[in-house]
Amino acid sequence: MVTHVPAETYGDERGALLNFVEAQRGAVRRSVIGLTEEQAGGRPSASELSLSGLLKHVAECELNWLRMAQQQPNERQRDEKTWADGFRLTEGESIPETLAFWDGVAKETDEFIRSVPSLDDTFPLPSAPWFPKDGRVSMRWMMLHLIEEIARHAGHADIVRESLDGKSSFELVAAESGGSWG
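From a predicted model like this one, the values you see are computed outputs, not experimental measurements. Residue positions within a chain follow its written sequence, with the count starting from 1. The predicted origin of the model limits local features to residues at a pLDDT of at least 70 and limits the giving and counting of side-chain atom pairs to 80 or more, whereas totals for whole chains, interfaces and linings rest on all residues. By convention in this description, side-chain values take in all heavy atoms of the structure and omit both hydrogens and water.

Enquirer: When you look at unusual backbone geometry in this model, what are you seeing that I'm missing?
Expert: Glycine aside, the phi torsion of most residues is negative, and most peptide linkages are trans. If you check the backbone angles, Gln-71 has positive phi at about 60° while not being a glycine. The helix and strand labels rest on DSSP assignments: H or I over at least four residues marks a helix, E over at least two residues marks a strand, and numbering proceeds from the N terminus. In this fold, Gln-71 is placed in the loop between helix H3 (51-70) and helix H4 (95-115). If you check the backbone angles, Asp-134 has positive phi at about 55° while not being a glycine. When you line up the elements, Asp-134 lands in the loop between strand E1 (122-124) and strand E2 (136-138).

Structure representation (structure tokens):
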């Protein structure tokens, strides 16, 4: 990541984890700076990934993990029929709307993680072929997984953005702060 993640206050593990998640969120969000909806929806490679689709996917992914940890139903749960819609904006959806949705999810994640009694608290994983039978994970594990998941897609976003117009993550960080790179 090209931005500096501030060190946590001594012993503030929650703050450190939340800061690293936010750094990765920022990398994905910056990928659409200066693009039109059409450009952000473009797929410049053999991949099905677009920048706007990545925004939507990571926002919904974070919501899914949050709802699992809260042990609440996910209001945007995907199934086999709607899975592909989680990777593209559908009729009536926009980048500003998707960013606002993700901002709400991020705020709720931050509040939830700060409020749980312990990062060692666990929650059950759903029944799925990729999870262990009767598996459970801790809040700490979930936060590390969110860092991993969002960072993976931030890398995808870097490649897609550079393929669209040659802008690198350094240029986007500079643009976000009102400066220029190089």
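Enquirer: How should I be thinking about the packing of aromatic side chains in this particular structure?
Expert: Side-chain rings of Phe, Tyr and Trp, where Trp is taken by its six-membered ring, are said to pair if the distance between their centres is within 6.5 Å; with planes under 30 degrees apart they count as stacked, over 60 as edge-to-face, and otherwise as tilted. Within this structure, the stated rule accounts for five aromatic pairs. When the ring of Trp-130 is compared with that of Phe-131, the centres are 6.4 Å apart and the planes differ by 65°; the resulting orientation is edge-to-face. Working definition: with a 1.4 Å probe on protein chains only, accessible area under 20% of the residue-type maximum means buried, over 50% means exposed, and in between means partly exposed. On the basis of relative accessibility, which here comes to 66%, the residue Trp-130 falls in the exposed class. Of the aromatic side chains, those joined through ring pairs into one cluster are Trp-65, Phe-123, Trp-130, Phe-131 and Trp-141. Only when the NZ atom of a Lys or the CZ atom of an Arg is both within 6 Å of the ring centre and within 35 degrees of the ring normal do we say a charge sits over the ring. One Lys or Arg, Arg-29, reaches over the ring of Trp-102 and ends 4.7 Å from the middle of that ring.

Enquirer: Teacher, can you tell me more about the pattern of salt bridges here?
Expert: Oppositely charged side chains can pair when the atoms bearing their charge come close. Salt bridge, as used here: a side-chain nitrogen of Lys or Arg that lies within 4 Å of a carboxyl oxygen of Asp or Glu. Scanning all chains against the criterion turns up 19 salt bridges. Across the pair Glu-22 and Arg-29 runs a salt bridge whose closest N-O atoms are separated by 2.9 Å. With a relative accessible area of 33%, Glu-22 lands in the partly exposed category. Glu-148 is paired through a salt bridge with Arg-152; the nearest N and O atoms lie 3.6 Å apart.

Enquirer: I tried to follow H3 on my own but got confused; where do I start?
Expert: An α-helix turns once every 3.6 residues. As a result, residues three or four positions apart point the same way. One fewer than the residue count of a helix, multiplied by 1.5 Å, yields its expected span. The first and last C-alpha atoms of H3 sit 29 Å apart over 20 residues, in line with the 28 Å expected at 1.5 Å per residue. Most of H3 is tucked away: 19 of the 20 residues are buried. In the analysis that follows, any N or O atom pair within 3.5 Å is treated as a polar contact, provided that within protein one partner can donate a hydrogen and the other can accept it, and provided that, for residues neighboring in sequence, both atoms belong to side chains. N-capping of H3 is provided by Ser-50, with a side-chain oxygen placed 3.0 Å from the backbone N of Gly-53. Where H3 terminates, the next one or two residues include Gln-71, which has phi positive at roughly 60°.

Enquirer: Honestly, the packing of H3 against helix H5 (residues 139-165) in this entry has me stumped. Any pointers?
Expert: Here an axis means a line fitted to C-alpha atoms, over the contact stretch when the element is a helix, while the angle between two N-to-C directions is reported on a 0 to 180 degree scale. Two elements in contact, H3 and H5, have axes separated by 10 Å at closest approach and are oriented at 175°. Accordingly, the angle class assigned to the pair H3 and H5 is roughly antiparallel. Looking at the contact of H3 with H5 residue by residue, the class counts come to 15 nonpolar, four polar and three charged. For classification, angles of less than 35 degrees are called roughly parallel, those exceeding 145 degrees roughly antiparallel, those between 65 and 115 degrees roughly perpendicular, and all remaining angles oblique. Each residue is assigned to one class: nonpolar for Ala, Val, Leu, Ile, Met, Phe, Trp, Tyr, Cys and Pro, charged for Asp, Glu, Lys and Arg, and polar for all the others, Gly among them.

Enquirer: Is there a simple way to explain the nonpolar core in this structure?
Expert: Nonpolar side chains in soluble globular proteins tend to end up buried together. Counting residues in each nonpolar core, the largest one holds 43 residues, and the members touching the most others are Leu-51, Trp-65, Trp-102, Ile-113, Phe-123, Met-139 and Met-143. For this core, the secondary structure elements donating two or more residues are helix H1 (13-30), H3, H4 and H5. Counting residues per element, this core draws most heavily on H3, which supplies eleven residues. Apart from the residues within four sequence positions on either side, Ile-113 is in contact with Arg-14, Leu-18, Leu-119, Met-139, Met-142 and Met-143. In these notes, a set of buried Ala, Val, Leu, Ile, Met, Phe, Trp, Tyr and Cys residues joined through side-chain atoms within 4.5 Å is what counts as a nonpolar core. The contact criterion used throughout is that any non-hydrogen atoms of two residues lie within 4.5 Å.

Enquirer: Would you take a moment to explain helix H6 (residues 169-176) for this structure?
Expert: Regarding H6, the residues found buried are Ser-169, Leu-172 and Ala-174. Buried residues in H6 make contact with H1 and H5. Just beyond H6, the residue with positive phi is Gly-178, at close to 85°.

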